[in-house]
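# What the coordinates show
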Amino acid sequence: MNASASDVTLNSVIRTENLCRTVTDADQQALHILKGIDFQINAGESAAILGSSGAGKSTLLGLLAGLDQSSSGEIWLNNQPMSQLSEEQRAQARQQVGFVFQSFQLLEHLTALENVMLPLELSGDTDYQAKARKWLDNVGLSHRLKHYPRQLSGGEQQRVAIARAFAGDPVVLFADEPTGNLDSNTGQSIIDLLFSLNRDQGTTLVLVTHDEALAQRCQRRFYLQDGKLNEQVQNDSEPEDTATGGLL
Amino acid sequence: MTTAVSERSKQGNKVRVSSWQMAMRLLGREWRSGDLNLLAWALILAVMTVALTAFLADRLQRGMEQQAAQLMGGDLVLRSPRAIPDDWLDKARTEGLTVVPTMEFPSMVASDTGFQLSAVKAVSSGYPLKGQLGLAASMEDLAPIDSAGRLPVSGEVWVEPRLLSALNASVGDEIEIGQMLFRIRELVVKEPDRGGGFMSFNPRALINFTDVPATQVVQPGSRVTFRILFAGQPDQIDRFKAWLEPELEPAHRLLDVRQDRPSVGTALDRAQRYLQLTSIGAVILSGVAVAMAAARFARRRQDTVAVMASLGHTAQLMGGIYQRMLLVLGLIASLMGACLGYVLQASGISLIADLLPVYLPPASWQPWLLATGTGLLLLMGFASAPLMQLKQVSPLRVFRRDLDMATPSSALVYGLALVALVLLVFWYCGDLMLTLWLTLGLILVLVLSALITLGLFRVLKVVGPRLPSRPRLAIRSLYSHKQTALPQVMAFGLVLMVVALVALIRNDLLVSWQQQLPDSAPNHFAINIQPYEKDQFAATLDKAGVERSPLYPMVRARLELINGRPALEMVPEESREYNALHRELNLSWRSTLPDQNVVIDGQWWDNESLMTLPASKQAEGQGDQAGQTIIPMSLESGMAEHLALGMGDQLTFNLAGYRITGEVVNIRRVNWDNFQPNFYVLTPPGVLETLPQTLLASFYLPEGNRDLVPELVRQFPAVSLLDIGQILAQVRQILEQVTLAVEVMLGFTLLCGLILLLAAVRNSLDDRLREGALYRTLGASGAQIRQIQMIEFVLLGVLAGGLALMGSELTASLLYRNLFELEYSLSLSHWLVLPVSGGVIITLAGMWGTRHVIQLPPLQVLRAG
Ligand SMILES: Nc1ncnc2c1ncn2[C@@H]1O[C@H](COP(=O)(O)OP(=O)(O)OP(=O)(O)O)[C@@H](O)[C@H]1O
Ligand SMILES: [Mg+2]
């Protein structure tokens, strides 16, 4: 894993070319959510995607992670062109990807521990239980192992989802508003966890967030507006301005 | 609902109206959203299945009734030893019934060259009410030709061919019946209602009803049977019957084709029960489908109701609106289902019409009512419980997802379903026994299967963690879904069970019918064989290579005393006219129990029990009538029942002045349907041998070997030969008909069961689809997911198959004895077939239903769910 991780540092982990996503609503009206997106994220980088509600951030993130199919354009995940892969091959590619859903998407009928164990078991890890416990401990949930998702608070569910994404030891971690439901203290510790992963394991981070503080800690920031993605040039001294600029 | 009204008491009316309006609006919206599709289809399918089976059963049953009516002579037959008052017949005519009086009496018939005792039957115009007389062209060509409604006119006699041989006469000759001369005009080879008079061994002479007085044979006190045949619509029959019954005297016997089946009685009875059972099976299948669909719908609407409740519209109100919506949906779906069922049934029958042995009458209006009514009842019984639970959803569920719908009321779910089921079953068969047995079987199966499934889940939970990852994950998934998996397993199991039961009973019914009348069933009886000629008679048959029964000895005697008192005084009043009291009965002796006889009370004798007949009884008997011994006797169950005789009763028979007394030591049920020689009373060997006796045999003559009959007649003039080939052919035709009915119903049940099973599996896939997609996002490969799912489906299917096995064996063992009077034996093939087919069908259906999980991007699957 370490060898391959250092391999990818030389290349882009994610690259898109003229990526578009169009959906139709109940009246068969076409809705263009993404209208040609070109960008690239290199291995080991951390990136934030910002944008107003309904701008298409979640849609973009799902496409980047290979969970959905683009309408046109291309995505390279670890230099593999996703649109040319079959769903089965995309699943293969996803084994190096962790994903935290905006709506958590925990398995309702499995306990917190079992939820976190699942990706480890699927990848054939024999030490799945210990690792799952460790990750739940890391997100501060060692006392909630046997709880079912519906017995957990929103923030707790979010942390289980994060532990589950971390547990797979991903090369790229996509997180859709990972701190959206957390108080500032807990949020902060989760953010610390994310960046320590980024620092220690070289995990690439792609985060969707409304939280400027979180966005500021990322190396790169992108704004999604009117189906287009614009990168905000790094300006550490004036974070407020960048935010305003991005929204305008 | 009531709370909602009282909360807004001022606008009570308005709320009520707007609830309906809301319901209609919602129906349109829900329909478009697609969530109602499954429920609507389940209902339509359910009602269609019920309608289909109801229409089919109705038509097949009416077809069978027509056949039976033919065998009996009419829909309703009144038998009497005396003339029937004219006003009874007038009453029948004013009710719109067709009335045909007939009468039968034995009489000597004489020609120039001989005489013969014959069974004269006088018929009036309209005879036969059902079917046709079959006439032969000549003695050489006995193939039946339809009489086309013709009857003997005054002065004519139509005769059975063997009467001609006995009289040595030919067509065109004159014969004398009593004081009147008749000219022989036709040869009768087929008489549709002959079956009813099977016991009249003498050859038939058919004359016109108006000629009876002129013969002067019928005098006060002579042996005459009037048979008045009635035909008409069931309601006309019922009205007339209701009027007539209070007028009847003990000597009268009223036979209704729907209740008093002629000699194929048990076959028809069983077939009818089978049809009922399959219809009920269809109802159960449909109930399962509707219940699953409704539960799914309610599950998916919990959030809606919770949110609406949090916005100030009580769950009560919302639940009420959903209930109304469902009622409207139920009405529409029921009507659609009934129409579909009708069309399918009509086209299905017209497709196979050429294969049917007889014409099937069109369906009546009842199935329409039955099907739509069933749809609504199903909806109320199986769908309203989940929706009632919707009313209990707490608005807090919006915040706390663990506030699931109240589960304790699963008692309500099963309770309501059970009540609906019992009502439906009773409605279908109008038979309390059947209802009780089925309900009992079902409850037993449900409770047992729930316990067993839960137990197995526990075992799986313990075993699971030690297994490799894929079975481990599959088992964990199954176990963690136990709340939904349990009803699923039970539903699948129930569907399989119903289908298995229907198939199982069909097999055994067909086998029992084939056994009843094998192709080589004896078609001739020889009676009055004298002891001195018995060896020669047997040798003659054997030389001709004819398959024959042993020659049974038989002693004819009249039942004189019961427990030492005159028999007529001892029997119940209504049995005074019972035939067995007024004619000589056949007694015979056996050391072993005859084939197809079952001892239902007491014990068959073996050598030891013969020795140990209670001494006290012997002494008592001897005290009563000195010089006589008490003989153990075995009594036929029907006679025992009619004459209210039981174990230990003493019977004294009179045999031309010679008395023998015996004690009933066992009661036998005799199969009268198999046309084998049967005896009312049997004794052990060594008792009757010294008494005057004749012998009786039955044998099978193939179509081409009829020349033997004239030879037998010549060689053994005293022996009476009786050709029952005609009756056998009729019975065979009826058996063929019921077999077909059973096969058709089985086919449809299999088909409906399969469709409903597929629908039920499809219905259970929501969670699996979502979870499959989530596994997918976690990097599971297609092979991994499919294998995990497959293991899960196989487990579910095998479990369901196992439950079906247990359930069908259990229910079958209850039903067989109590309904079909069949011996029940475990069927080994089921033990393999059911779990395997359960596993295969559910796995295939499940895998098919979840195939998108690995074909579509996971986000698309998640969004579609
Ligand atoms: N499959 C779909 N069908 C129809 N519309 C869709 C589909 N997927 C996304 N959309 C629409 O595309 C838009 C973008 O959705 P998306 O979830 O990506 O927004 P978002 O930027 O994540 O918003 P938020 O910050 O509120 O989460 C929304 O208006 C949504 O309704
Ligand atoms: Mg979003």
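Definitions and cut-offs
Numbering of residues begins from 1 in every chain and follows the order in which that chain's sequence is written. A letter from A marks each chain and a number from 1 marks each ligand, given out in the order of writing. For this predicted model, a pLDDT threshold of at least 70 governs which residues receive local features, and a threshold of 80 or more governs which side-chain atom pairs are given and counted, while totals over whole chains, interfaces and linings are taken from all residues. Values shown for side chains rest on all heavy atoms present in the structure; no hydrogens or waters enter the calculation. UniProt positions are given in the numbering used here, feature names are shortened, and annotations may be inferred rather than shown by experiment. Water is not part of the atom set, so a site may look incomplete; the donors themselves are N, O and S atoms within 2.8 Å of the metal, or 3.2 Å for Na, K and Ca. Only runs of H or I of at least four residues qualify as helices and only runs of E of at least two qualify as strands under DSSP, and these elements are numbered from the N terminus. Throughout, exposure labels follow a simple rule: accessible area from a 1.4 Å probe, protein chains only, divided by the maximum for the residue type, with under 20% read as buried, over 50% as exposed, and the rest as partly exposed. The arc under discussion is defined with respect to the helix axis, by the directions toward the C-beta atoms. Only heavy atoms matter for contacts: two residues are in contact if any of them lie within 4.5 Å across the pair. Centre distance within 6.5 Å is the pairing criterion for rings of Phe, Tyr and Trp, where only the six-membered ring of Trp is used; planes under 30 degrees apart are then read as stacked, over 60 as edge-to-face, and the remainder as tilted. Only when the NZ of Lys or the CZ of Arg is both within 6 Å of the ring centre and within 35 degrees of the ring normal is a charge said to sit over the ring. As a working definition, buried area equals the accessible area (1.4 Å probe) given up by two parts on being put together, with both sides summed. For salt bridges, the criterion is a side-chain nitrogen of Lys or Arg within 4 Å of an Asp or Glu carboxyl oxygen.

Named according to an unreviewed UniProt entry, chain B is ABC transporter permease originating from Oceanospirillum sediminis. Per UniProt, the comment on chain B under Subcellular location (unreviewed entry) is "Cell membrane".

The name an unreviewed UniProt entry assigns to chain A is ABC transporter ATP-binding protein, from the organism Oceanospirillum sediminis. On record in UniProt, under Sequence similarities (unreviewed entry), the comment for chain A is "Belongs to the ABC transporter superfamily. Macrolide exporter (TC 3.A.1.122) family."

A word on the coordination of the magnesium ion (ligand 2). Ideal values for angles at a metal depend on the geometry: 109.5 degrees with four tetrahedral donors, 90 or 180 degrees with six octahedral donors. All names here are of chain A. Bound to the magnesium ion (ligand 2) on the protein side are Ser 58 (OG) and Gln 102 (OE1), at distances that span 1.9 to 2.2 Å. One end of the pair, Ser 58, is in helix α2 (residues 57-64); the other, Gln 102, is in the loop between β6 (97-100) and α4 (112-122), and 44 residues separate them in sequence. Taking the relative accessible area as the measure of exposure, Gln 102 reaches 41% and is therefore partly exposed.

A few words on helix α15 (residues 534-543) of chain B. All names here are of chain B. Among all positions in α15, only Phe 537, Ala 538, Thr 540 and Leu 541 are buried. The buried residues of α15 occupy an angular sector of 160° when projected down its axis, which confines them to one face. More than 90 degrees from the buried face of α15, the exposed residues found are Asp 535 and Lys 543. Where α15 is buried, its residues meet β12 (524-529), β13 (547-548), β22 (694-700) and α21 (708-715).

Taken as a whole and assessed by the stated rule, the structure comprises 13 aromatic pairs over all chains. Taken together, a centroid distance of 4.8 Å and an interplanar angle of 50° make the contact between Phe 99 of chain A and Phe 101 of chain A tilted. The burial state of Phe 99 of chain A is the same as that of Phe 101 of chain A; both residues are buried. With a centroid separation of 5.0 Å and an interplanar angle of 50°, the aromatic rings of Phe 230 of chain B and Phe 240 of chain B are classed as tilted. With Phe 230 of chain B in strand β10 (residues 225-231) and Phe 240 of chain B in helix α7 (residues 234-244), the pair connects residues that are 10 residues apart, well separated along the chain. Here the aromatic cluster, defined as three or more aromatic residues joined through ring pairs, consists of Phe 99, Phe 101 and Phe 174 of chain A. Seen from the ring of Trp 76 of chain A, Arg 15 of chain A lies directly overhead, with NZ or CZ sitting 4.1 Å from the centre. A cation over a ring is seen here: Arg 150 of chain A above Tyr 148 of chain A, with NZ or CZ 5.7 Å from the ring centre.

A few words on the interface of chain A and chain B. With 28 residues of chain A at the contact, the number on the chain B side is 32 residues. When the area that chain A buries against chain B is broken down by residue, the three leading residues are His 109, Leu 122 and Arg 150 of chain A, summing to 23%. Summed over the shared surface of chain A and chain B, the number is five salt bridges. Across the pair Arg 776 of chain B and Glu 88 of chain A runs a salt bridge whose closest N-O atoms are separated by 3.1 Å. Of all elements in the fold, only α3 (87-93) and α4 of chain A reach the threshold of two or more residues within the side of chain A that touches chain B. Broken down by element, the residue count for the side of chain A that touches chain B peaks at six residues, all from α4 of chain A.

Residue and element names in this part refer to chain B. Of note, the amide linkage connecting Tyr 127 to Pro 128 takes the cis form, showing an omega dihedral of -10°. Secondary-structure assignment places Pro 128 in the loop between β3 (115-123) and β4 (134-136). Look at Ala 148: it is not a glycine, yet its phi comes out positive at around 55°. Positionally, Ala 148 belongs in the loop between β5 (145-146) and β6 (156-159).

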